[in-house]
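An overview of the molecular structure
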Amino acid sequence: MKKYIFLLLPLFLYSANFSDLIKSVDNNLLVKSKQEQSKALKKLLSAKKAKNYPSVDFHLKAVRLYDTPTTTLHIPGLNHPLPVGTRTNLDASIAVTYPLFTGYAITNSIQIAKLKLIKNRLETKELKRELYLKIASLYSGIYSLNQAIKASNEAKTAIEKSYKKAKGLYDNGFINISNLYKIEAQKYEIISSITSYKEQKNSLINDILYITNMKVDVKKLPNFTVSKKDLIPTALSQRADIKAIKTQLKIDSKDIALAKSKYYPNIAIFGAIKRQGDDLSLDGNGFSNADQSYIGATLNYNIFDGGEKSGERQAALAKKIARKLYFADYQRGVIKNIKNALSRLKSLKSQLKAANKQVEASESYYKLTSGRFENSLASGDELSRAIAELAKTKAKKEDIKSKIFLQYAQISLMAGNNYFLRKL
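Residues numbered from 1 in each chain as written. Predicted model: local features only at pLDDT ≥ 70, side-chain atom pairs only at ≥ 80, totals over all residues. Heavy atoms only, no water.

1. Here's the deal with the packing of aromatic side chains
The criterion, for reference: Aromatic rings from Phe, Tyr and Trp, with only the six-membered ring used for Trp, were paired whenever their centres fell within 6.5 Å, and each pair was classed as stacked if the ring planes differed by under 30 degrees, edge-to-face if by over 60, and tilted otherwise. Helix numbering and strand numbering both begin at the N terminus, where a helix is a DSSP run of H or I of at least 4 residues and a strand a DSSP run of E of at least 2. Only protein chains enter the calculation, and the probe is 1.4 Å; a residue is then buried if its accessible area is under 20% of its type maximum, exposed if over 50%, and partly exposed in between. By the criterion adopted, a ring carries a charge over it if an Arg CZ or a Lys NZ lies within 6 Å of its centre and within 35 degrees of its normal.
For the structure shown, the criterion picks out 12 aromatic pairs. On the basis of an interplanar angle of 90° and a centroid distance of 6.0 Å, the ring pair of phenylalanine 101 and tyrosine 264 is categorised as edge-to-face. Here tyrosine 264 lies in the loop between helix H7 (240–260) and strand E5 (266–277) and phenylalanine 101 lies in strand E4 (residues 88–101), a separation of 163 residues in the sequence. Relative accessible area serves as the criterion here: at 41%, tyrosine 264 is assigned to the partly exposed category. Each ring, one from tyrosine 104 and one from tyrosine 264, has its centre 5.9 Å from the other, and the planes form 85°; the classification is edge-to-face. Of this pair, tyrosine 104 sits in the loop between E4 and helix H4 (105–171) while tyrosine 264 sits in the loop between H7 and E5; the two residues are 160 residues apart in sequence, bridging distant segments of the chain. Taken together, the aromatic side chains of Phe18, Tyr132, Tyr139, Phe224, Phe405 and Phe420 make up a single cluster linked through ring pairs. Lysine 309 extends its terminal NZ or CZ atom over the ring of tyrosine 263, reaching a point 5.7 Å from the ring centre.

Here it is in structure tokens:
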């Protein structure tokens, strides 16, 4: 049984398709790292929200003095020290503090924490988009190399057949030995190309394995199409990277509001239930009240700070203006890239038509040259070049197909993750 499992193992290793690879991104370590960051930011948000609630503290203090506190009354006949306290003093309190008004600093801090959480989640989506694009690039590359290997193997088979024919012609004195050498040299060149293609292919497979923890071998490409209609509006409204910049602009606005909050006074109310005594019963020490509970309020207002508040506010304003300019340029770049990508797709389709014709021409020329060689009308060098050219044009055609697939994937990803995933 183990023997059969071992034989079937390669089938499982290479059974993943493009859709499986895309789904596996959810388990990518970088993605998981960003998700953990979101969990951390969510906890920080909870911590910020806690500032809106009263703070309740329990305090217990125990002091043992070296001597009993005394005082001396300068009264005739009463000049000896009189105790005014006890050596052992304990006090316990439950205190409540509530920030009544902070110039909206707490509210703005909570909003900033919320926006940072939203931004991190959007950055996670953008990371996925980048990984999707990387997978598509590697996937198309593996397909292209597979087709190059296939074309080269066909060329190798053809060159070996031609060598046998050439050997027979040489043995019968119809061609000279240089023709054999030319064909043999071409054979080894093809073998060298196959080895190189396989090395490149294994490298791409390992790259995909690194990203997805899955192995894949690509024999055919999935069907992929995009609609030009609403492509740009969808990109500008749905892409995670654009939403992340918009969220950062909101954070910048809250930073300005937070800087403004320092112009307002801070008002807090506080109170405590407090008792003291000379033992744990806290019933007093015979010199002062046992119950020392209190209630109060504080107001803190900065009058002069050397321009710190003004500087922070101006810096926050300048940061937001800079971000707005960056965002405007970023959007223009997205529009430009989509238009260029569509033009590139159109060019690739035109190249594919030309490549189809080149394959037809190369096949025709190979057949013609092969027939002429058998009749001693063409040299071994001509036949070798014809075989190599046919393999080259076939590989080029499939390479263009892989590039068209990749271009479709890129264009759909330019419109956002949701658009891309709907096209799978």
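Anyway, onward from the coordinates.
2. Some remarks on helix H3 (residues 29–50)
The following threshold applies: Here a helix's expected span is defined as the number of its residues, less one, multiplied by 1.5 Å. Residue contacts follow a heavy-atom distance rule, with two residues in contact if any of their heavy atoms lie within 4.5 Å. Contacts described as polar in this section are N or O atom pairs within 3.5 Å, which, within protein, must combine one atom able to donate a hydrogen with one able to accept it, while residues neighboring in sequence count only if both atoms come from side chains.
Taking 1.5 Å of rise per residue, 22 residues should cover 32 Å, and H3 covers 32 Å from first to last C-alpha, within 8% of that figure. Turning to H3, the residues buried within the fold contact H4. Measuring from the side-chain oxygen of the N-cap residue of H3 to the backbone nitrogen of leucine 30 gives 2.8 Å; that N-cap residue is asparagine 28.

3. A closer look at a nonpolar patch on the surface
Put simply, the rule reads: Patch building starts from residues that exceed 30% relative accessible area and form no salt bridge, then joins like charges within 9 Å and nonpolar side chains (Val, Leu, Ile, Met, Phe, Trp, Tyr) within 5 Å. Shrake-Rupley sampling with a 1.4 Å probe provides the accessible areas, and residues are treated as covered by the protein chains on show and by no other component. Take a side-chain nitrogen of Lys or Arg and a carboxyl oxygen of Asp or Glu: if they are within 4 Å of each other, that pair is a salt bridge.
There is a patch of nonpolar side chains on the surface, built from Val56, Phe58, Leu60, Ile94, Val96 and Ile273 and spanning about 610 Å² of accessible area. Elements with a minimum of two residues in the nonpolar patch: strand E1 (55–64) and E4. Sorting elements by how many residues they give to the nonpolar patch places E1 first, with three residues. Assignment of secondary structure puts phenylalanine 58 in strand E1. Here phenylalanine 58 falls in the exposed class, since its relative accessible area comes to 61%.

4. Focus: the environment of threonine 88
Assignment of secondary structure puts threonine 88 in strand E4. Residues threonine 88 and alanine 328, 240 residues apart in the sequence, show an inter-C-alpha distance of 71 Å. Every residue in contact with threonine 88, bar those within four places of it in the chain, is listed here: Val63, Arg64, Gly277 and Asp278.

5. Re helix H8 (residues 308–374)
Here H8 spans 92 Å end to end across 67 residues, near enough to the 99 Å set by a 1.5 Å rise per residue. With its phi angle positive at about 60°, serine 376 sits one or two positions after the end of H8.

6. A short note on the environment of leucine 348
Within the secondary structure layout, leucine 348 lies in helix H8. In this structure leucine 348 comes out as buried when scored by relative accessible area, which is 0%. Expressed as a C-alpha distance, the spacing of leucine 348 and threonine 70, which sit 278 residues apart in the sequence, is 100 Å. Here leucine 348 is in contact with Ile400, Lys403, Ile404 and Gln407, once residues within four sequence places are set aside.

7. Quick notes on the pairing of E5
Where we set the bar: Any two strands are treated as partners once DSSP identifies two or more bridges connecting them.
When E4 meets E5, the two strands line up antiparallel, connected through 11 bridges. Counterpart to threonine 97 in the pairing with E5 is phenylalanine 270. Examined bridge by bridge, E5 and strand E6 (residues 294–300) share seven bridges and lie antiparallel to one another. By the bridge assignment for E6, glycine 271 is matched with isoleucine 295.

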